[in-house]
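# Results of the structural survey
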Amino acid sequence: MPNYTANTRDMQFVLHEVLRASEANEEMDREFTGAVLEAATKVASEVLAPLNAVGDTEGCVLENGIVRTPDGFKPAFAAMKEGGWTALDCDPAYGGQGMPYLLNCAVGEMFVSANMAFNMYQGLTHGAVSAIHTHGSDAQKALYLPKMIACDWTGTMNLTEPHCGTDLGLLRTKAEPQADGSFRITGQKIFISAGDHDLAENIIHLVLAKAPGGGEGTKGISLFIVPKVLVNEDGTLGARNAVSVGKIEEKMGIHGNATCVMNYDGATGYLLGDLHKGMRAMFTMMNEARLGVGLQGYAVAEAAYQAAVAYARDRLQGRAVTGAENPQGPADPLIVHPDIRRMLMDQKSFLEGARAFTFWGAQLIDRAHAGDAAAEGLISLLTPVIKGFLTDKGFEGTVLAQQVFGGHGYIEEQGMSQFARDARIAMIYEGANGVQALDLVGRKLAQDGGKHVMAFFEMVKAECKAHDDPRMAPFTEALKAASKQLQAAGMFFMQNGMKTPNAALAGSHDFLHMMGHVCLGLMWVRMAAAAHAALDAGAGDRDFYETKIATGRYYMARQLPACAAHLARIESGADPVMALAAERF
């Protein structure tokens, strides 16, 4: 089965030579982050990765109303808790370690690459903690957060119902107010990740429901804390709440995570935040979750890429067209062939750009939490791009990795199909990628009068101007061209979107991918500049920096030109997309 080793060298490069993390937080020096990443690497490779295939083959089982997780998950979860990994960036007032979200993001990449399904149990809890921390009362925070941050209790988010997914205005779950200030929650939720399990003594469900007087649509929705086991005022556990598991969903992938149908039969719930303002509170979870899902997209692809590289180096197949490179053997290794190199370079150049993009997004979240309004506006703009683009391309990367194996990639023995099956969900949950594209084009471009997207374009322009070194020309010229194409696409939407809304919406997927490419192009300009600076300063590890520059040149030459095709499709308008009547399909 595949072996995974975290790429801590590249993480440190992004943290310190590209993002200069210690300038924003003195604690985030290279020695400290190195120690944290090294410790996390051991957890990922020694504790989580060996359970990845186990979780895939065994899955979760519902027995007498209790969900059993795969063999080894319980001691692994205990090890995560004991190591403090669940509390890394949480508020120290409630038992957290208070580190930047950026560092949590770097550690999270390792844990997802090693075992995506397992990491979801704590990852979803992190989102629930954020929602309660932001919108809960002091009493709610004191009651729930210490146990949740320690992952003695875990958390979920309950949105989807059998008849409605993205269109939450259609949800039917009801919340009836009680005399004691609580609510009776009645309804059914589906696709609830980590909805039930045997890893924690309690599960704190955050449930969207409609209370009386809220009106129609999403304006009438409120958010409620609904514990699996009721919690007494002193923090001890009381009676079992009226919430149960209807079934475990049979899924394509992430078998090690219990995706449940949850039944609420007059369960006791407590309002979180303001009445009828549940969407605002839920989006505290959703925005963080969407960056986390973007991370999942490339992190699973990283593990698949590592396996593909190892196989390409070892598998003997054919001869290099320029002459034998393994003359003592019966054939040359796969990696000598240009098409194998193409697939590996597609993966490598995307993965390193995606890591830098996601870490930059996490840094913007840290700045936003510190009160930086510009950073908050920028990350709001970029969130659908991080989620949509990185999961689309991440899944594509797992397929390329599988292709390197040929027929051996299609059989379960090699473990490559699990990467593709696991990565596939990231394109769907936390808002399907088509919805991310609509959010970007329909809402985010015009947000605050368009000032955030204009600031983004100015940032790209300034970055290109900042590097007059002729060695940087392949990077800056390619980025300038792609940025102009992206601006042309935006102008097309402005000129046609109001009178023909479908013209904008038909091009939204292409625009999201264009912007994703420009964002990765921006990251490659910054990484190439940092690599050249290190070489000029006589830094050791020349191979790393020279490899970085060559990888970036590949992205700019072979991936960024996709923007031209996306622009052509956008400018074709809505007619080719909408020409057929519904009955003609």
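That block above? That's the structure.
## Examining the overall build of the chain
When its secondary structure is counted, the chain shows 20 helices and 11 strands. Radius of gyration (C-alpha) of the chain: 24 Å, near the 25 Å computed for a compact globule of 585 residues. With respect to the three principal axes, the spread of C-alpha positions in the chain is 80 × 60 × 60 Å. The burial tally for the chain puts 58% of its 585 residues in the buried class. Carbon together with sulfur atoms contributes 53% to the accessible area of the chain, which is approximately 24,100 Å² in total.

## Things to note about helix α14 (residues 451–465)
Along its 15 residues, α14 runs 21 Å from first to last C-alpha, staying within 8% of the 21 Å computed at 1.5 Å per residue. Restricting attention to buried positions, one finds in α14 the residues H452, V453, F456, F457, V460, E463 and C464. Looking straight down α14, one finds that the buried residues subtend no more than 145° of arc, so they occupy a single side. Opposite the buried face of α14, at more than 90 degrees from it, the exposed residues are K451 and K465. Contact partners of the buried residues in α14: α11 (373–404), α15 (473–496) and α17 (508–536).

## Digging into the pairing of strand β4 (residues 174–177)
Note that β4 and strand β5 (residues 183–193) share 4 bridges and pair antiparallel. Across the sheet, the residue bridging to A175 is I185, located in β5. Counting the residues that bridge the hairpin from β4 to β5 gives 5 residues, and of these G181 lies at a positive phi of roughly 95°.

## Structural notes on the packing of α11 against helix α12 (residues 416–424)
Their axes nearest at 9 Å, the elements α11 and α12 cross at an angle of 165°. Judged by the inter-axis angle, α11 sits roughly antiparallel to α12. For α11 against α12, the interelement crossing comes out left-handed. Of the residues in α12, those touching α11 at F395, T398, A401 and Q402 are M416, S417, F419, A420, A423 and R424. Here the residues of the contact of α11 with α12 are counted per class, giving 6 nonpolar, 3 polar and 1 charged.

## Quick look at unusual backbone geometry
The backbone of A194 shows a phi angle near 60°, a positive value even though the residue is not glycine. Considering the arrangement of structural elements, one finds A194 in the loop between β5 and β6 (202–210). Take A194: its relative accessible area is 1%, and that puts it in the buried class. The backbone of E430 sits at a positive phi, close to 55°, despite the residue not being glycine.

## A word on the packing of aromatic side chains
On inspection of all chains with the given rule, the structure shows 14 aromatic pairs. Ring centres of W85 and F111 lie 5.8 Å apart, and the angle between their planes is 90°; this geometry places the pair in the edge-to-face category. Separated by 26 residues along the polypeptide, W85 in the loop between α5 (73–82) and α6 (101–114) and F111 in helix α6 bring together distant segments of the chain. With a relative accessible area of 10%, W85 lands in the buried category. Looking at F111, the relative accessible area reads 1%, which means it is buried. The ring of F395 is capped by R424, whose NZ or CZ atom sits 5.6 Å from the centre of that ring.

## A few points about the pairing of β5
One ladder, built from 9 bridges, connects β5 with strand β11 (residues 259–271); its direction is antiparallel. When the sheet's bridge partners are listed, I192 is paired in β11 with C260.

## What to know about helix α8 (residues 138–149)
Taking 1.5 Å per residue, 12 residues should reach 16 Å; α8 reaches 16 Å between its end C-alpha atoms and fits that length. If you check which residues of α8 are buried, you get Q140, K141, Y144, L145, M148 and I149. In a view along the axis of α8, the buried residues occupy a sector of 115°, so they form one face of it. Looking one or two residues beyond α8, the residue adopting positive phi is C151, at roughly 60°.

## A closer look at the state of the cysteines
Inspection of every chain in the model, using the stated rule, returns 0 disulfides. C60 takes part in no disulfide bond, and the closest cysteine sulfur to it belongs to C260, at a distance of 7.7 Å. Note on C151: no disulfide assigned, nearest cysteine sulfur contributed by C90 at a separation of 8.5 Å.

## Topic: the pattern of salt bridges
Considering all chains together, one arrives at 32 salt bridges under this definition. Notably, a salt bridge pairs D536 with R471, separated by 2.8 Å at the nearest N-O pair. With D536 in helix α17 and R471 in the loop between α14 and α15, this residue pair connects regions lying 65 residues apart in the sequence. With relative accessibility at 34%, the residue R471 sits in the partly exposed group. When the shortest N-O distance is used, the salt bridge between E546 and R542 registers 3.2 Å. With a gap of 4 residues between them, E546 and R542 both fall in helix α18 (residues 542–559), about one helical turn apart. Judged by its relative accessible area of 38%, E546 falls in the partly exposed class. You can call R542 partly exposed: its relative accessible area is 44%. Salt bridges sharing common partners tie together D10, E109, E302, K348, E352, R355 and K548.

So, how was this worked out
- Residues numbered from 1 in each chain as written.
- Predicted model: local features only at pLDDT ≥ 70, side-chain atom pairs only at ≥ 80, totals over all residues.
- Heavy atoms only, no water.
- Helix = DSSP H or I, 4+ residues; strand = E, 2+ residues; numbered from the N terminus.
- Rg over C-alpha atoms; globule rule 2.2 N^0.38 Å.
- Buried < 20%, exposed > 50% of the residue type's maximum accessible area, 1.4 Å probe, protein only.
- Areas by Shrake-Rupley, 256 points an atom, 1.4 Å probe, with all protein chains shown as cover.
- Expected span 1.5 Å × (residues − 1).
- Arc of directions from axis to C-beta.
- Contact = heavy atoms within 4.5 Å.
- Pairing = 2+ DSSP bridges.
- Axes fitted to C-alpha atoms, helices over the stretch in contact; angles between N-to-C directions.
- Parallel < 35°, antiparallel > 145°, perpendicular 65-115°, else oblique.
- Left-handed = near helix turned anticlockwise from the far one by under 90°.
- Nonpolar A, V, L, I, M, F, W, Y, C, P; charged D, E, K, R; others polar.
- Phe/Tyr/Trp six-rings, centres within 6.5 Å; stacked < 30°, edge-to-face > 60°.
- Lys NZ or Arg CZ within 6 Å of the ring centre and 35° of its normal.
- Disulfide = S-S within 2.5 Å.
- Salt bridge = Lys/Arg side-chain N within 4 Å of Asp/Glu carboxyl O.

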